[in-house]
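# Coordinate inspection notes
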2 protein chains.
Amino acid sequence: MQSFSLKRLLIGDPLSTAQQAYERLTKVKALAVFSSDALSSVAYATEEILLVLILAGSGAVRLAWPLSLAIAGLIAVVITSYYQTVHAYPKGGGSYIVAHDNLGVLPGLVAAAALTTDYVLTVAVSTTAGVAAITSAFPALYPHRIVIALASITLITIANLRGVRESGTIFAIPSYLFIITFLSMIATGVYRWFSLGMPPALEPQHVPPAIHGLTLFLALRAFSSGCTALTGIEAISNGVQVFKPPESDNAGKTLIILAILSITMFVGVTFISHQFGTVPDEATHETVVSLVARTVFGGGSPFYFLVQGATMLILMLAANTSFNGFPRLASILAQDDYMPRQFALLGDRLVYSNGIIILGLLSAGLVVAFGGQTTRLIPLYAVGVFMAFTLSQMGTVLRWCRLRGPHWQLKVAINGLGAAATGVVSVVIAATKFIYGAWAVLLFIPLLVAGFQAIYRHYQKVASQLSLETVGPPPRIRRHRAIVPIAGVHQGVLHALEYARSISEDVTAVYVEVDPDETARVRERWEEWGSGVRLIVLPSPYRSIIGPLMDYVNKVDDIRRYDEVVTIVLPQFVPAQWWENLLHNQTALLIRLAFLFRSNTIVTDVPYRLQA
Amino acid sequence: MQSFSLKRLLIGDPLSTAQQAYERLTKVKALAVFSSDALSSVAYATEEILLVLILAGSGAVRLAWPLSLAIAGLIAVVITSYYQTVHAYPKGGGSYIVAHDNLGVLPGLVAAAALTTDYVLTVAVSTTAGVAAITSAFPALYPHRIVIALASITLITIANLRGVRESGTIFAIPSYLFIITFLSMIATGVYRWFSLGMPPALEPQHVPPAIHGLTLFLALRAFSSGCTALTGIEAISNGVQVFKPPESDNAGKTLIILAILSITMFVGVTFISHQFGTVPDEATHETVVSLVARTVFGGGSPFYFLVQGATMLILMLAANTSFNGFPRLASILAQDDYMPRQFALLGDRLVYSNGIIILGLLSAGLVVAFGGQTTRLIPLYAVGVFMAFTLSQMGTVLRWCRLRGPHWQLKVAINGLGAAATGVVSVVIAATKFIYGAWAVLLFIPLLVAGFQAIYRHYQKVASQLSLETVGPPPRIRRHRAIVPIAGVHQGVLHALEYARSISEDVTAVYVEVDPDETARVRERWEEWGSGVRLIVLPSPYRSIIGPLMDYVNKVDDIRRYDEVVTIVLPQFVPAQWWENLLHNQTALLIRLAFLFRSNTIVTDVPYRLQA
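Positions within a chain are numbered from 1, following the residues in the order the chain's sequence is written. Think of it this way: whatever chain is written first is A, whatever ligand is written first is 1, and the rest follow in order. For a predicted model such as this one, the threshold for reporting local features is a pLDDT of at least 70, and the threshold for listing and counting side-chain atom pairs is 80 or more; totals across whole chains, interfaces and linings nevertheless cover every residue.

### Some details on the overall build of chain A
Helix numbers and strand numbers start at the N terminus; a helix is a DSSP run of H or I with at least 4 residues, a strand a run of E with at least 2. In terms of regular secondary structure, chain A is built from 23 helices and five strands. For the radius of gyration, the atoms used are the C-alpha atoms, and the globule rule reads 2.2 Å times the number of residues raised to 0.38. Computed over the C-alpha atoms, the radius of gyration of chain A is 33 Å, more than 25% above the 25 Å expected from 2.2 N^0.38 for a compact globule of 612 residues. Taken along the three principal axes of its C-alpha coordinates, chain A extends 110 × 60 × 50 Å. For chain A, the residues scored as buried account for 49% of the 612 residues in total. Here the C-beta atoms are placed from the backbone, and a residue counts as buried if at least 20 other C-beta atoms lie within 10 Å of its own, exposed if 12 or fewer do, and partly exposed otherwise.

### A closer look at the interface of chain B and chain A
By the convention adopted here, residues make contact when the C-beta atoms placed from their backbones lie within 7 Å. Taken together, the contact between chain B and chain A spans 52 residues of the former and 52 residues of the latter. When residues of the side of chain B that touches chain A are traced back to their parent elements, those giving at least two are α18 (438-466), α19 (468-471), α20 (491-503), β4 (564-574) and β5 (601-609) of chain B. With eight residues, the single largest contributor to the side of chain B that touches chain A is α20(B). The classification used treats Ala, Val, Leu, Ile, Met, Phe, Trp, Tyr, Cys and Pro as nonpolar, Asp, Glu, Lys and Arg as charged, and all other residues, Gly among them, as polar. Grouping the amino acids of the side of chain B that touches chain A by side-chain chemistry returns 28 nonpolar, 17 polar and seven charged.

### Things to note about the relation of the copies chain B and chain A
With an RMSD of 0.1 Å, the fit of chain B onto chain A corresponds to turning through 180° and sliding 0.0 Å along the axis. The symmetry that links the two subunits is that of a two-fold axis. Most of the interface of chain B is mirrored in chain A, where 100% of its interface residues again form contacts. C-alpha atoms of residues with pLDDT of at least 70 in both copies form the basis for the least-squares superposition of the copies.

### Section: the domain arrangement of chain A
Along its sequence, chain A is carved into domain 1 (26-459) and domain 2 (479-609). For domain 1 of chain A versus domain 2 of chain A, the distance between C-alpha centres works out to 62 Å. Start and end positions for the domains come from either an automated domain assignment or a database one.

### A few points about unusual backbone geometry
Phi is mostly negative for residues that are not glycine, and the peptide bonds are mostly trans. A:Pro246 follows A:Pro245 through a cis peptide bond whose omega is -5°. Mapped onto the elements, A:Pro246 comes out in the loop between α10 (235-238) and α11 (247-276). One non-glycine residue, A:His407, adopts positive backbone phi at about 55°. Owing to 10 C-beta atoms within 10 Å, A:His407 belongs among the exposed residues under this scheme. The phi torsion at B:Asp337 lies on the positive side, around 70°, for a residue other than glycine.

### Regarding the environment of B:Asp118
Residue and element names in this part refer to chain B. Inspection of the secondary structure puts Asp118 in helix α6 (residues 105-137). With 29 C-beta atoms packed within 10 Å, Asp118 lands in the buried category. Separated by 263 residues in sequence, Asp118 and Tyr381 place their C-alpha atoms 6.8 Å apart. The residues touching Asp118, leaving out its near neighbours within four places in the chain, are Gly384, Val385 and Ala388.

### So, the packing of helix α2 (residues 27-40) of chain A against helix α13 (residues 302-335) of chain A
Residue and element names in this part refer to chain A. Between α2 and α13, the shortest axis-to-axis distance is 8 Å and the interhelical angle comes to 115°. When the interaxial angle is binned, α2 and α13 end up roughly perpendicular. The chirality of how α2 crosses α13 is left-handed. Of the residues in α13, those in contact with Ser36, Asp37, Leu39 and Ser40 of α2 are Ile314, Leu315, Leu317, Ala318 and Thr321. As a rule, the C-alpha atoms of each element are fitted with a line to give its axis, helices using only the stretch in contact, and angles between N-to-C directions run from 0 to 180 degrees. For classification purposes, an angle smaller than 35 degrees is called roughly parallel, one larger than 145 roughly antiparallel, one from 65 to 115 roughly perpendicular, and anything else oblique. Take the far helix as your reference; a near helix turned counterclockwise from it by less than a right angle gives a left-handed crossing, and one turned clockwise gives a right-handed crossing.

### Overview of the environment of A:Leu50
Tracing the backbone through its elements, the reader meets A:Leu50 in helix α3 (residues 42-53). Those residues in contact with A:Leu50 that sit more than four places away from it in its chain are A:Val61, A:Ala64, A:Val279, A:Pro280 and A:Val288.

### Thoughts on helix α12 (residues 288-297) of chain A
Burial analysis of α12(A) places 10 of its 10 residues in the buried class, the great majority of the element. Taken residue by residue, α12(A) has A:Val288, A:Val289, A:Ser290, A:Leu291, A:Val292, A:Ala293, A:Arg294, A:Thr295, A:Val296 and A:Phe297 as its buried positions.

### Quick word on the packing of α6(B) against helix α14 (residues 353-369) of chain B
All names here are of chain B. With their axes 9 Å apart at the nearest point, α6 and α14 run at an angle of 55° to one another. Taken together, α6 and α14 sit at an angle that is classed as oblique. Both α6 and α14 take part in a crossing whose hand is right-handed. In contact with Tyr119, Val120, Val123, Ala124, Thr127 and Thr128 of α6, α14 contributes Leu359, Leu362, Ser363, Leu366 and Val367. Class assignment for the residues of the contact of α6 with α14 results in eight nonpolar, three polar and no charged.

### As for the confidence of the model for chain A
Confidence of the predictor in every single residue is expressed as pLDDT, which spans 0 to 100. Taken over all residues, the pLDDT of chain A has a mean of 88, while the share at 70 or more is 95%. Under the prediction, the complex receives an ipTM of 0.78, its pTM being 0.74.

### Topic: α20(B)
All names here are of chain B. To estimate the expected span of a helix, count its residues, drop one, and scale the result by 1.5 Å. A rise of 1.5 Å per residue sets the reference length of α20, with its 13 residues, at 18 Å; its end C-alpha atoms lie 19 Å apart and thus fit the reference within 8%. For α20, the buried fraction is high: 12 of the 13 residues fall into the buried class. Of the positions making up α20, those classed as buried are Gln491, Gly492, Val493, Leu494, His495, Ala496, Leu497, Glu498, Tyr499, Ala500, Ser502 and Ile503.

### What to know about the pairing of strand β3 (residues 534-539) of chain A
Residue and element names in this part refer to chain A. Counted residue by residue, β3 has zero buried out of six residues, so it is predominantly exposed. Here six bridges tie strand β2 (residues 506-513) to β3, and the two strands are oriented parallel to one another. Of the residues in β3, the one forming a bridge with Thr508 is Arg534. Orient the strands so they point away from the viewer, and a crossover whose first-strand-to-second-strand path over the helix runs clockwise is right-handed. Following the backbone out of β2, through helix α21 (residues 516-529) and into the adjacent parallel β3, one traces a crossover that is right-handed. Should DSSP find at least two bridges between two strands, the strands are taken to pair.

### Details of the environment of B:Ala60
Residue and element names in this part refer to chain B. Structurally, the position occupied by Ala60 is in the loop between α3 (42-53) and α4 (64-88). Spatially, the C-alpha atom of Ala60 lies 85 Å from that of Arg561, the residues being 501 residues apart in sequence. Setting aside its immediate chain neighbours within four residues, Ala60 contacts Leu53, Ile54 and Leu214.

The structure is reproduced here in C-alpha cells:
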C-alpha cells in the first residue's frame, strides 16, 4: 500500500482520541497566537490605500495620512465592541455562534458564509503578500511568485494535516520578531525624520500621471482598501476558551494590547511613508513596506532583510490562522447539518482534515486565478469580514437587551456603536469595491447560504426517511428467491451457486444466450454440475447481457410478495493482479451498476479469487 | 440516459445477430474493395523515393526511375506468390493464419504483431497523405492538417462503428474514379512529353544543395521508401472468401489486374516526374503527385482538382481498409486467447467495436505525435508489411512441401522466390531505415509478441483454476454467519438486519465506537429495535471504522469451519440524486473496497433507497 506509506510520511502516524488535549495560553503566548492575522495586515494595508490614491496623482497620496487616522479610530471602536463580546462569550464567540444565537438561523448562516469567503481570502492574500515581501528583497524571484505561493500553501496545509497545535512557543518567535522589528523601524524612521528632516535619496520612483480626479468616491475606495487592516481582529473573541482563567479578563486585556500595537504599527508605517513620500512602484513590484524599510535602514542593511523576513513569517502565520479557523467553523456547520458531514470527522491526527484540504485547494486556486498579486485580491477582501463584524455586534446588542445585566444600556450603546460603524463601513466597502471584484463575493455569499440550506433540507429529508418512529420497522422477510446469472459452468459459478443455495431454497440459474451454439454445451455441463438447480436460457438477439436479464428480473419482481426478497448472486472471479481485470469483460460490474438504482433487488458478488 | 442517446445518434440502433450477412463480390466490385490500400500508395511512394535521393542533390533524383522499375519487378514477384496463396486458402489466408498454420505459434504471433503495427501505420500514413493531397490544392489549410486528419479518422471510426459494410457499390465510385483520373493523367503526361518534349514551365522549385554523397546506402534507403508501394497488396488474399465462386479463381484474376494497375500507375507517375524533373518542394509542402498533375493539366484546371480529390478519397478508403482488417485480426487473436476477450465481442452494430475504437485512438495518437507529416511516418512503415509478406510466403512454401499436390516443386519455387525476395527486402528496409524510426517498430513487435504470450498464459491460468474437472466442485455450505456493521439505528440498518436474518440464523450486529457518548444511545435503541440480535461494540481509539471491523472479521474467520461462509451485510442508503452522495461518508463503499481482496468473506450491500 504505497499511498498509505506516503500519507504516513507526510502527516505522521494516527493519534488516538485520548491524546486530544488543550493547552491553556498565557496572555503573552495568546497575543502571539491570535494577533498574527490582525498585525500582518500592516504589511499591505498602507500600500493598498496608496495604490488607489495614486490614480489621482502624486498630490492625492497625501490623503493617506488622514485616512489612516480614520481607520485607527475604527480599530478602536471595533476592539471596544469585541472587548464586550469576549466577556459575553467566555467559551468563545465566533460571529456564526453570536449571530445564530441572537439574530436567528439566517443571519447566522450569512455570517458563516461571509466568514468562509474570508478565510479563503485570508490565506490567498496573506500568502501573496508574504511572497511579495520576499520578491521585494530578491526581485529575481518575482516571476516565480505563484510557484512560491503554492509551495507555501502546500507546506501550511501539510503542517496542519499533521496537526500543528496553536502552540504558543512556536508562534511567539515570529510574532514578537515582527512586532519588535516593525516598532524599531518606525522608531528609527520617526527619529530620522525628526533629527535629519529629509531621508537619504532612494532611486527615483515612477509615479504614473493622474488618470482620475480626487473624488469622494476615490477617497472612500482608498479607505475601503485600508480597512483590510482590521481583518483578523475578531480572532481573540473566537478563542476565549483557550486563555488561562479568568478567560474573559485575560482575553480582554490581550485585545487592548492588540489594539494599541495594531494602531501604532499601521499609523506608524503610514506616517513614515507619508513623510518620506514613498509610493508603490508598479514597475519594480516592490512593496511599500520594503521601500519604507530601505529608506529607514538602507537597502543592503541586515535590518532591512530582517524586516522583510519577519513580514514573510508573520504573513505565513496569518494564513495558518485560517487553517485553524475554517476547519473548526466547517465542523460546527457540519454538526448543525449545514455542511457535508465529512467536515465534522476528526482525521488521523485529530484535526478536521477535510476542511484543511478544501481550504488549501480553494486558496491555491485563488492565488493562481489572480496571478499571485495581492492588489488584485484586495477588492474581494474585507467585504466578508465587515459583514461578520456587523452581524456579530448586532447579535451582542440583542443579547444585552435580552439579558439586561448591570450597565446593560452602556453595553448596548458600545456594541451599537460598533455595529453601526462596521455596518456603515460594510456598505462603503461593498459600494466602492463593487465593480472591482466585491460583486463576486456579494454574489457568492447568498449562493453559499442557499447551499447551506439545501444541505440542511437534504439531511432533514434523509433523517425523516430513516426514522424508525415515523415509518415503523420493515416487514419481516419470509420468502427469499436467488437468481444466479451464469456465463458458463466453472468454479466461480459453482461457488456462487453454492452460496445462493445457502441463502435461499428457491434458486434459479439464468444463462443469456448470445451464441446458440454455446447453449447446448452449457445445458449439458449444467446437467452434470448444476446440483439440480433449474436453468433458464434467455435469448438475446441483440447480444446484450444486461437487457434480457433485467427483463427477466422485472418479470420475477411482478409476482414478488411484499415479504419476499430477490437476490442476484453474481459469480465474479477476482484476478490476482489488478491489471488482469483488463483482460476480462467486467460483466459482473456492469450488472451491478445496472441494478444499483433499481428498488427491491439486492446484488451480491460471490468473489472467486484466482491465484497468481 | 443522455450518453445512451448520444451513442444511438452516432452509431444507430442495435442490429440483431440474425441480420449478419455477407455480400459476395464480383471481380469488378472486389477490385474496388480490396485495391484501395495498394493503389493509394502511388500517391506517396514516388515522392518518398525522391525525398531520399534529393539529399544527394538534383542529379541523384534521376535514380528514381531505375529504382521504380526494380520495385515494379518486386510487385510482380509478390503478386505471383500471393496468386498461389489465394488458391491455397480459398477461405482467406491472412499472414497470421498462414504463418500460424504452417510455421508454428511464434512465427504466427510475429506476423500478427507485424500486421498490427502495420494496420495502425496504414491509417496514419493514408490519412496524412490524403490530407496532403488537399493541402497541396489549398495551401492555406496546411497549418490545420492535424485537425483535418483527426477529423477524418474520427469520421472513419464512427462510420465503422455504425457498421459500414465493404459494400462494393460505395467503394467502386472513388476507386474507379482514382484509377481513371490517374491513368488519364499518366496518358496525358506521356502524350505531352512525346509530342511537345518539354513541359510548360512551372514556378521554379527549391532544390536544396546536396548534403550527402550518392552512396549505395542512400540508394537502398530510397528503394526502401519506395517499397511502401507494396503495402496493401495482401488484402485480396485475406478476403478470398467474399468473392463469388469459384472464389480462388476470381481472386487470382483480380490480383493480376491489381498488379497491372499498380505497376502502371506507380511506374507512370515516376516516369512523368522523372521526365519533367519534378522534385518535392519542402518549402511549399506540395506533393509530387500535385506537382505532376499541375504540370500535366495546369494548376487551375478542373482535372487538377479532380486528381487531388480522387487521391484524397482513395487514401480515406485505404485507411478504412485497416478498420476492417485490424478488428477482424484482433477478434481472431482474442478467440485464440492472445488478445483481451473484449476484442472478440460483436458490438451493437455487428462490428468488433473495441478493435475499431482502439485503432482510431492509436492512429490518431500517431498522427499527432508525428505532426501530421507523412514523410516522418514513412520510416516506420513497410517494415511490418514485409515481415508479414515473408512469413506468409515461407508458410506457403512449407505447406506445398507438406501437401505435395500437382506441380508442387514449381509452386515451392515461386513462393520460395517470393519469400526470398521479400525477406531480403525486409532486411534492407530494417537496416536502411533503422536509425530513422524503424528501430521503434523492431522494438515494438517483440514487445507485442511478449504481450500476446502473457495474455495467453493468463487465460490458461484462469481456465485451469476455473476448471471443474481438475479441482472438483466446491464444498456444500452448511453454516452461514452474517455480520451487520451499523453506524446507528435507523430504517436502512433495520432493512439490512432483516435481510441478514433471512439468509442466516447466526447474525451479529457490530458497532464501531468512535465517540463513547454515542454508544449508550445506540445500545438503548438497539434494545428496542434490534429484534434480539446480539450487538457487539468495538472500541476504536484511532477513530478508524475499517480497522476494528477487519480485526473482528479476522477473529470470526479464525474459527470458521470449511463448510461455513461469512457474509457482511452492509446497510447502505442510496440517495435520490447522485450528487447527494457527496453529503454522506461512503463508509459502506470503503468497507466494500477493504474486503474486496480478502478471501472467504462475501460483502452484500442492502440498499435503502431514499425518495427525492
